[in-house]
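Summary of the model geometry
So you can see what is in the structure, the chains are spelled out below.
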Amino acid sequence: EAATWMAAGTAEGTAGATAIGSAGLAALGGLRAYLRATYRGKLDHLRTPELVRPHDTLVLDQTTRSNLNLLDGTGGERRGSLLHVIDRTATPMGSRTLRRWMLAPLTSPAAIGRRLDAVERLVEGVDLRADVRAGLTGMGDLERLVGRVGTGGVSPRDLMRLTAALTRIGTLHDRLTEQDGFLGEIAATLDPLPALHERITATLVEEPPAALRAGPVIRDGAHGEVDELRGLSRDGKGWVVALEAQERKRTGIASLKIRYNRVSGYGIEVTKPNLALVPSDYVRKQTLAGAERFVTLELKEQEQRLLGAESRLAQLEAALFADLVADVAAHQRTLTENARALAVLDTLAALADLAHDRAYVRPILDRGDAIVIRDGRHPVIETTLGGTAFVPNDCTLDPSQQVLLITGPNMAGKSTYLRQVALICCLAQMGSFVPASEARIGVLDRIFTRVGASDNLAAGDSTFMVEMRETANILHELGPRSLVILDEIGRGTSTYDGIAVAWAVAE
């Protein structure tokens, strides 16, 4: 079962199932069994497992993410983070994809180049980029909506939103059809499912309710029995209004009203001052604080017909809606692929919009051992300052110059310089243009950072001990393709000892 789940009918999935071996399949099988036992619902909404190899992505540990402010600013808020600056996505699913790309940049120059080609095409094609972003705006979270289809928790309004999304998918598909490369692959993946779109629109009312029993769901003319029962219900309510007018005239009670209660049903309500005018064929049904409720044989018979029609109508609409949801669920894999393709397209378009607006350039990625950045800028600080106030900096690291020692007074920009190099490398390997006039980067496998100084009294560690533990971890884990950012080292002890530690670490 785990192998079938992993394969999911695709050659890539079958290869992945073979690659992870029996231990991996056993883990997947145990996970699926646990979910089935605890969730006690459908698992069709779960995405097919994907095999992720550690060497395929640039490793950014939690310390590095925090020190580079990838997700959160200095105060813990989103503002001031790299994600806040680069996230120009139009959909929630695009935003999630952008976040994943940023936290797991690629290490294959070919795979990175594939993304960069698409971003470059969108940067240069102003009209294409505008059309793509217009098509994505208002799309909503198709990924989550498809998940609700799989769990059976989808509402009538959700399905109508799905038809709107399918219409936009058709427009985007037509706009991207002539593109090649990554954009062409996205166009080939997008499927507007016209038959399903027609099925939904022909079945549901134009503005369906958020809940199944909160109003009419099935469109007039879509089902003969629904039309018949709805007509009977509508005519029955009109009959009640006519009966109320008739009884007011017959009894002479101007305040007489026919009311409906879920518990007691329909009743003729007469206020206590008018009880003397009640006819003999009225049968007392309920006593209220200031009135009495009565029922007649005619009203009782009509109530049975009316409530029977409404009950049958509700049951029939629920059954027809369930059939419609089953039809939609049969297309879940295609809908899921649509959502994934749209999320990637949204991410690419957002990166292109950022590059165009901020004058970012396309980096060159290779397997070399050099990092060469001309007129590099810190993406977050540049945005905060408004762009013109930031002074750009160059950086060159290669086998002949593996270490840069940055010195200067307080507020000179040392920390900014260090972080901007790491951020430019991170942006480049996730497939984004970078804030520089030129950038050539030999792909990295890890980025290590050690920033600031603080103690950990709960663990019995002084500031110096925390600093040394973090530095030792970097020295143990780094490799020939790792970038190391040390923002001050050895400051937790005396000057001479600190210099000795820094010198030893550099060697």
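Residues numbered from 1 in each chain as written. Predicted model: local features only at pLDDT ≥ 70, side-chain atom pairs only at ≥ 80, totals over all residues. Heavy atoms only, no water.

1. Quick look at the side chain of E247
Structurally, the position occupied by E247 is in helix 12 (residues 224-251). Residues contacting E247, with those up to four places away along its chain left out, are G252, L256 and Y282. (Helix = DSSP H or I, 4+ residues; strand = E, 2+ residues; numbered from the N terminus. Contact = heavy atoms within 4.5 Å.)

2. Some points on helix 5 (residues 92-103)
Here helix 5 contains 12 residues, and its C-alpha end-to-end distance of 17 Å stays within 8% of the 16 Å for a straight helix at 1.5 Å per residue. Among the residues of helix 5, M93, G94, T97, L98, W101, M102 and L103 are the ones counted as buried. The elements touched by buried residues of helix 5 are helix 3 (62-67), helix 4 (82-86), helix 6 (109-124), helix 8 (142-151), helix 14 (332-358) and helix 16 (414-430). (Expected span 1.5 Å × (residues − 1). Buried < 20%, exposed > 50% of the residue type's maximum accessible area, 1.4 Å probe, protein only.)

3. Focus on the packing of aromatic side chains
Considering all chains together, one arrives at 2 aromatic pairs under this definition. Consider the rings of Y260 and Y266, whose centres lie 4.8 Å apart with planes at 50 degrees: the pair is tilted. Look at Y266 and you get buried, because its relative accessible area is 9%. Ring plane angle 45 degrees and centroid distance 5.9 Å describe the contact between Y282 and F294, whose orientation is recorded as tilted. (Phe/Tyr/Trp six-rings, centres within 6.5 Å; stacked < 30°, edge-to-face > 60°.)

4. Here's the deal with the sheet that holds strand 4 (residues 291-295)
The strand order across the open sheet built from 4 strands is 1-2-4-3, with neighbouring strands paired in antiparallel fashion. The open sheet has two edge strands with one neighbour each: strand 1 (257-261) and strand 3 (283-287). For this sheet the average axis-to-axis angle between neighbouring strands, irrespective of direction, equals 40 degrees. As judged from the 4 bridges shared by strand 3 and strand 4, these two strands associate in the antiparallel manner. Its bridge partner lying in strand 4, V283 is registered against V295. On top of the sheet, helix 13 (residues 297-329) reaches strand 1, strand 2 (265-271), strand 3 and strand 4; it is set at about 145 degrees to strand 2, its chief contact. (Pairing = 2+ DSSP bridges. Axes fitted to C-alpha atoms, helices over the stretch in contact; angles between N-to-C directions.)

5. Focus on the packing of helix 8 against helix 9 (residues 156-176)
At their nearest, the axes of helix 8 and helix 9 sit 11 Å apart, and the two run at 135 degrees to each other. Taken together, the axes of helix 8 and helix 9 are oblique relative to one another. As helix 8 runs across helix 9, the sense of the crossing is left-handed. Seen from helix 8, the contacting residues are L142, L145 and R148; seen from helix 9, they are D158, R161, L162, A165 and I169. Of the residues that constitute the contact of helix 8 with helix 9, the class distribution is 5 nonpolar, no polar and 3 charged. (Parallel < 35°, antiparallel > 145°, perpendicular 65-115°, else oblique. Left-handed = near helix turned anticlockwise from the far one by under 90°. Nonpolar A, V, L, I, M, F, W, Y, C, P; charged D, E, K, R; others polar.)

6. Considering a nonpolar patch on the surface
A cluster of nonpolar residues, L475, L478 and V484, forms a patch on the protein surface that exposes about 210 Å² of accessible area. Residue position: V484 is located in strand 10 (residues 482-487). Among the residues examined, V484 registers a relative accessible area of 31% and is labelled partly exposed. (Patch = residues over 30% accessible without salt bridge, like charges linked within 9 Å, V, L, I, M, F, W, Y side chains within 5 Å. Areas by Shrake-Rupley, 256 points an atom, 1.4 Å probe, with all protein chains shown as cover. Salt bridge = Lys/Arg side-chain N within 4 Å of Asp/Glu carboxyl O.)

7. Observations regarding unusual backbone geometry
One non-glycine residue, L193, lies in positive phi territory at about 45 degrees. Locating L193 in the fold gives a position in the loop between helix 10 (181-189) and helix 11 (194-203). On the basis of relative accessibility, which here comes to 8%, the residue L193 falls in the buried class.

8. So, the pattern of salt bridges
The tally for this structure, following the rule as stated, stands at 26 salt bridges. The salt bridge involving E247 is made with R250; its shortest N-O contact spans 2.9 Å. Taken together, the residues span about one helical turn, with E247 and R250 both in helix 12 at a distance of 3 residues. By relative accessible area, which is 4% here, E247 ends up buried. One salt-bridge network, held together by shared partners, links R88, R129, D353 and D357.

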